[in-house]
Amino acid sequence: MIQPDSYVRSLLKRSPGETVTARGWVKTRRDSKNVHFVQLNDGSSTTDLQIVIDQGVVPPETIARITTGACLSVEGELVASPGKGQTVELKAVTVTLHGGADPEHYPLQKKKHTLETLREIGHLRTRSNTFGAVFRVRNALASAIHKFFQDRGFLYVHTPIISASDAEGAGSMFGVSTLDPAAGAPDYTQDFFGRRTYLTVSGQLEAEIFAMAFANVYTFGPTFRAENSNTPRHLAEFYMIEPEMAFCDIHGDQDLAEAFLKFQISYVLETCRPDLEFLAKWYDPQLIPTLEAVVASQFERISYTEAIALLEKSGKQFEFPTYWGVDLQSEHERYLTEELLKKPVIVTNYPKEIKAFYMRANDDGKTVAAMDVLLPRIGEIIGGSQREERHDVLQQRIREMAHHGMKEESYWWYLDLRRFGGVEHAGFGMGFERMMMYLTGMKNIRDVIPFPRTPGNAEF
Ligand code: 4AD
Ligand code: MG
């Protein structure tokens, strides 16, 4: 196992004169007259460690096998590096070749590959510089999210992945069953769980159970949606972070969402600077200034009604026309945040017909206390609301949704939370991969998740 002081990242900070062992995979090898230079990386750093192998240290037949992709351990002495880009390099004394990577067949050669090509070699793309940077950012972001909530005393709750309820009432769920599909019409009472079950679309309803006992809670886990939307922003399996707070209304919800987004960006700017600089260089020169501007900004807060008025006044022709009552499409969301307001926007109080059944009804009888947070380039990053805590109002709403297949008896426990010690409460969900896209400048959501699940694609 590599010890913490021996990661490439750590070795690059140590002093000349130390004897160390480096382990990792070869990025490139270059030969000059009496010496071979090998760039070695173990995934811990944007910068490779340069290994210098003098002629004679390693037999020529071994040198020939030290090619891009090979796995090595190198023991030697750190020496001051004359080259630019690093202060030390490793002068090899012993080299162990663990596994070669035949250049005739190893697909990840030095030449640049497109992101699409790399997706087809999902078992090897992790070794490329781009995916090194992306997945280090992903790791830091997960850590930032736990830190944000833990520092505020939120309880982390694992909500179930297999669920009997449709949290979003949207009906685009993957079924979970052990019944034989060839055996004719399914009888779910005979199924594994004795009822129809699905992969969860959201942990919110279960998080509400916990919020009614622990006040401030959050989930962070996989969620699944079977909508057939083959877009650069949708996955069939993605991670969602869902805080849920008792004693909180839609205003407190917005404040938390804004603080949460800013914290994540600041954390990654601080801890992943070299990775962000790499991603900026190759994918989006404006990446770092854009992120810094969001941290310094005050998010715009407008109602859905105001948003529609702004879009109509703009005179811009959209593919989907705008009028009061229509759901905002990604083109509308992006135009609002990128062109009209030029900063993150929180849109609130949407028409109740286009939002989920659990959102709190406003006094106007037409809208609900929903909020969507929109970011330039991404569109919707967060969706949330104040929840309907009034038992009668919620029951009525569920009954109205019967024609969408909602069954009141399936929500008995959700209604019970309103009968016993109910209180106003609110929460939201942030798409982890949407945030990753924003932070890395990646334009396709498939390039920020280790193993993308999209229609027609589940190979790796
Ligand atoms: O707006 P959504 O559907 O909200 C909910 O599921 C609520 N139950 C959340 C809550 O209030 N606790 O989804 C939340 C976020 C979206 O804003 C988006 O960032 C992300 O999840 N998201 C997706 N990300 C990737 N692929 C998909 N198919 C996504 N669908 C939603
Ligand atoms: Mg939404």
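Residues numbered from 1 in each chain as written. Chains lettered and ligands numbered in written order. Predicted model: local features only at pLDDT ≥ 70, side-chain atom pairs only at ≥ 80, totals over all residues. Heavy atoms only, no water.

Asker: Could you give an account of the side chain of Arg418, with specific residues and numbers?
Answerer: Inspection of the secondary structure assignment puts Arg418 in helix H12 (residues 412-419). Assessed through its relative accessible area of 8%, Arg418 is described here as buried. At 2.9 Å, the side chain of Arg418 and the backbone oxygen of Glu388 are in polar contact. Within the structure, Arg418 has its side chain in polar contact with the backbone oxygen of Tyr414 (distance 3.1 Å). In this view, Arg418 contacts Glu208, Arg387, Glu388, Glu389, Arg390, His391, Leu394 and His425; residues no more than four positions away in its chain are not counted. (Helix = DSSP H or I, 4+ residues; strand = E, 2+ residues; numbered from the N terminus. Buried < 20%, exposed > 50% of the residue type's maximum accessible area, 1.4 Å probe, protein only. Polar contact = N/O pair within 3.5 Å; in protein donor to acceptor, adjacent residues only side chain to side chain. Contact = heavy atoms within 4.5 Å.)

Asker: For the domain arrangement of the protein chain, give the residues involved together with the corresponding values.
Answerer: Domain boundaries assigned for the protein chain yield domain 1 (4-111) and domain 2 (125-161 + 200-389 + 424-447). Taken over C-alpha atoms, the centre of domain 1 sits 42 Å from the centre of domain 2. Every contact between the two is made by 9 residues of domain 1 and, on the other side, 7 residues of domain 2. Here domain 1 meets domain 2 over a buried area of about 670 Å², counting both sides, of which 49% is carbon and sulfur. Where domain 1 touches domain 2, the interface holds 0 salt bridges. For the pair domain 1 and domain 2, the interface holds 5 residue pairs in polar contact (both at pLDDT 80 or more). Classifying every residue of the side of domain 1 that touches domain 2 gives 3 nonpolar, 5 polar and 1 charged. (Domains from an automatic or database assignment. Buried area = accessible area lost by both parts, 1.4 Å probe. Salt bridge = Lys/Arg side-chain N within 4 Å of Asp/Glu carboxyl O. Nonpolar A, V, L, I, M, F, W, Y, C, P; charged D, E, K, R; others polar.)

Asker: Summarise unusual backbone geometry; cite the residues concerned and give the values.
Answerer: Phi at Phe247 is positive, roughly 60°, even though this residue is not glycine. Mapped onto the fold, Phe247 is located in the loop between strand E11 (237-246) and helix H6 (250-271). Note on Phe247: relative accessible area 64%, which makes it exposed.

Asker: Kindly report on the environment of Ile302, identifying the contributing residues and their values.
Answerer: Along the chain, the position of Ile302 falls in strand E12 (residues 300-303). Its relative accessible area of 8% is what places Ile302 among the buried residues. Setting aside its immediate chain neighbours within four residues, Ile302 contacts Ala307, Leu310, Leu336, Leu341, Val345, Ile346, Val347 and Thr348.

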